[in-house]
Amino acid sequence: ERAVPINVLIPNGTLGIRDIGAQINFHSPNHVIESSLGIFNRTGIVEYRRNDKGYMLTHKTAIHISKPDHQLQFGYSLQYRKTNQMEFKHLLPDSTIFSGNDFRYNFFAIYSNKYWSIQGEYLSAMLEKQEAKGYYLQAHFLIKEKNQLVVSYEYYQDLIPDTKDRPYVHLGYNYLINKYKTMVFFDNFFQIIEGSISNYAASIQLQIFFK
């Protein structure tokens, strides 16, 4: 499951649609360093605004360190968007139309080996002088090749006065029938509000890849 802060704050600039623009990608000969720089129209391909002077700049850099028994990746992303009459679902109230400067950034790190992995990320969105922010930590542990335990902790603070900004927790178990090509997920999801469990939900999923 993707963390809530990722869905709302990730500095890729999109609003659930693709943008028109160009991007330059760079990587070192051994792919240890990968970086990109892009410029986009920020309104996507669905909506065309003839006299709109808005734009969006993006940048990302990641460092990859790979060894036979483990991998480490860390880096950051940046995004600046000049907006005009934009809606930001789950970030601002539904009735709010935002115009101005939208600056976002994140820092991330991922470590994995044969038996376990852990990753974390901090994200921020600055809408003029208002800041929404969030972070998450996710980990999984593999037991005897087919049994996987999963845990995640995430927090998201939006700019909507009516919402309660409380942590989210996932506790899950995956059974790997054919590694990741065929597997069963069992997930427990809940919030911690005033020291007690709230908004609990359980789900079961079956994943099958045919190729």
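Keep in mind it's a predicted model, so treat the numbers as computed, not measured.

The next thing to look at is the sheet that holds strand β3 (residues 55-67). Here eleven strands make up an open sheet; going across it, the order is β1-β2-β3-β4-β5-β6-β7-β8-β9-β10-β11 and the pairing antiparallel. Every interior strand has two partners, whereas the edge strands, β1 (21-27) and β11 (196-208), have only one. Looking at each pair of strands side by side, their axes are set apart by 10 degrees on average, direction ignored. In terms of strand pairing, strand β5 (residues 98-113) meets strand β6 (residues 116-127) through eleven bridges, oriented antiparallel. When the bridges of β6 are listed, asparagine 106 appears paired with leucine 123.

Our next topic: the pairing of strand β10 (residues 182-193). Pairing of strand β9 (residues 168-180) with β10 involves ten bridges; the strand directions are antiparallel. Of the residues in β10, the one forming a bridge with asparagine 174 is phenylalanine 185. Here β9 hands over to β10 after one residue, the two strands then running antiparallel side by side. Bridge count for β10 against β11 is eleven bridges, and the pairing is antiparallel.

With that settled, consider the nonpolar core. Ranked by internal contacts, the top residues of the largest apolar core, which has 16 residues, are Leu9, Phe88, Leu91, Leu92 and Leu127. Going through the elements one at a time, α1 (4-9), β6 and β7 (130-143) are the ones with two or more residues in this core.

Cut-offs and rules
Residues numbered from 1 in each chain as written. Predicted model: local features only at pLDDT ≥ 70, side-chain atom pairs only at ≥ 80, totals over all residues. Heavy atoms only, no water. Pairing = 2+ DSSP bridges. Helix = DSSP H or I, 4+ residues; strand = E, 2+ residues; numbered from the N terminus. Axes fitted to C-alpha atoms, helices over the stretch in contact; angles between N-to-C directions. Core = buried A, V, L, I, M, F, W, Y, C linked by side-chain atoms within 4.5 Å. Buried < 20%, exposed > 50% of the residue type's maximum accessible area, 1.4 Å probe, protein only.

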